[in-house]
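Below, each chain spelled out in residue letters.
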Amino acid sequence: MSFSIEQFSATRRLVLQGAGTVVLMSLGNLVAPPALAAANDNYPEEAFKQKADKDAIQALYGRTAEASDKVKLDAPEIAENGAVVPIAVTTTLENVTSISFLVSGNPNALAASYAIPSGTLPSVSNRLKMQQTSNVIAIVEAGGKLYSATKEVKVTVGGCGG
Amino acid sequence: MASTIRVRAIANGDTTEVQALIQHPMDSGFVKDAQGQLIPAHFIQQLTFEHNGKGVFIADWGPAVAKDPYVKFAFKGAAKGDELKISWVDNKGASDSTRAKIQ
């Protein structure tokens, strides 16, 4: 059994080409586009892109929130530095699954969203950027419904670099 | 390499209070540098806290979270000496993680 040199080379070339294509195709599947950030499953990209707070809430939760005095939003009357505004929320509501913060006057209203698994207290403190005087809105998802608290925070020096 | 994550977790009975401070520019993408060029957005997108392999707090962040972000929360079911795992991923695909003992 013998192959001519030409036949062998052609076959070898075909096999290598085929193998190369398979490798390239599988590599293509492995390399995720940087923008996707595949490690962030469930990252609410669309919600963060919304400009208005109502649209961000809709994109995040698919429904609207009702104001509730059971949501206690802690925010300063006046933020000396819009780049670092301490905001906290706590609630007496039960079965809380999510807490989010929005800043109406920011270019994109949604600032942060937190998943509260069972066993975690419905309480979050964080620091946000505020571009200008505007409302800060805390959203609490509890028992499948949405509740909110709103507070206006005056900003003297904006958090977007003035 | 030192971690970008500094965390303090203190158990008070069944409740553990966690405070974390992370070194990160959290650039919003709206700010211009001295030359008038926009500094590209560079911010942590997801921050996860795990105890015994279970997520106890997951933060989805946008660029409006302040630079060198700080966060505080509390959860039940852990005890002094338990380990907490904290990790983050940012919009450029960079990440960091650390483990801390609950005090």
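Residues numbered from 1 in each chain as written. Chains lettered and ligands numbered in written order. Predicted model: local features only at pLDDT ≥ 70, side-chain atom pairs only at ≥ 80, totals over all residues.

1. Thoughts on the overall build of chain A
1) Next: Regarding its fold elements, chain A presents three helices and nine strands.
2) Next: Ordered by position in the sequence, the α and β elements of chain A form the string α-α-α-β-β-β-β-β-β-β-β-β.
3) Next: Across the 162 residues of chain A, 33% fall into the buried class. (Helix = DSSP H or I, 4+ residues; strand = E, 2+ residues; numbered from the N terminus. Buried ≥ 20, exposed ≤ 12 C-beta atoms within 10 Å, placed from the backbone.)

2. Some remarks on the nonpolar core
1) Next: Counting residues in each nonpolar core, the largest one holds 62 residues, and the members touching the most others are Ile99(A), Ala111(A), Leu128(A), Ala138(A) and Val65(B).
2) Next: No other element matches the six residues that strand 8 (residues 134-142) of chain A contributes to this core.
3) Next: Among residues more than four places away in sequence, those in contact with Ala138(A) are Val71(A), Leu73(A), Val89(A), Ile99(A), Phe101(A), Ser148(A) and Ala149(A). (Core = buried A, V, L, I, M, F, W, Y, C linked by C-beta atoms within 7 Å. Contact = placed C-beta atoms within 7 Å.)

3. A short note on the sheet that holds strand 7 (residues 123-128) of chain A
1) Next: With antiparallel pairing, six strands are arranged side by side in an open sheet as 2(A)-4(A)-7(A)-5(B)-2(B)-1(B). Only two strands of the sheet have a single neighbouring strand rather than two, namely strand 2 (71-74) of chain A together with strand 1 (5-12) of chain B. Neighbouring strand axes in the sheet, compared pairwise and without regard to direction, differ in orientation by 15° on average.
2) Next: With two bridges joining them, strand 7 of chain A and strand 5 (residues 70-76) of chain B adopt antiparallel strand pairing. Across the sheet, the residue bridging to Asn126(A) is Val71(B), located in strand 5 of chain B. (Pairing = 2+ DSSP bridges. Axes fitted to C-alpha atoms, helices over the stretch in contact; angles between N-to-C directions.)

4. Brief notes about the interface of chain A and chain B
1) Next: Between chain A and chain B, the residue contacts involve 32 residues of the former and 30 residues of the latter.
2) Next: When contributions to the side of chain A that touches chain B are tallied by element, the ones reaching two or more residues are strand 6 (110-115) and strand 7 of chain A.
3) Next: The class makeup of the residues in the side of chain A that touches chain B is 20 nonpolar, 10 polar and two charged. (Nonpolar A, V, L, I, M, F, W, Y, C, P; charged D, E, K, R; others polar.)

5. Some details on the confidence of the model for chain B
1) Next: Of the residues in chain B, 99% reach a pLDDT of 70 or more, and the chain-wide mean stands at 96.
2) Next: Under the prediction, the complex receives an ipTM of 0.96, its pTM being 0.83. (pLDDT = per-residue confidence, 0-100.)

6. Structural notes on the pairing of strand 2 (residues 15-22) of chain B
Residues and elements named next belong to chain B.
1) Next: On strand 2, burial follows the alternation: Thr16, Val18, Ala20 and Ile22 on one face are buried, whereas Thr15, Glu17, Gln19 and Leu21 on the facing-out side are not.
2) Next: In the sheet, strand 1 pairs with strand 2 via eight bridges, with the strands oriented antiparallel. Counterpart to Ala11 in the pairing with strand 2 is Thr16.
3) Next: Taking the residues that link successive antiparallel strands as the turn, the strand 1-strand 2 hairpin has two residues, and the phi of Gly13 there is positive, at about 70°.
4) Next: Where strand 2 meets strand 5, seven bridges bridge the pair, whose relative direction is antiparallel. If you follow Thr16 over to strand 5, its bridge partner there is Phe75.

7. Here's the deal with the confidence of the model for chain A
Parts of the model with low pLDDT should not have their predicted coordinates read in detail.
1) Next: When pLDDT is averaged across chain A, the result is 84; 72% of the residues are at 70 or more.
2) Next: A low-confidence stretch, residues 24-39 of chain A (pLDDT under 50), is modelled with nine contacts involving residues beyond four sequence positions or located in other chains.

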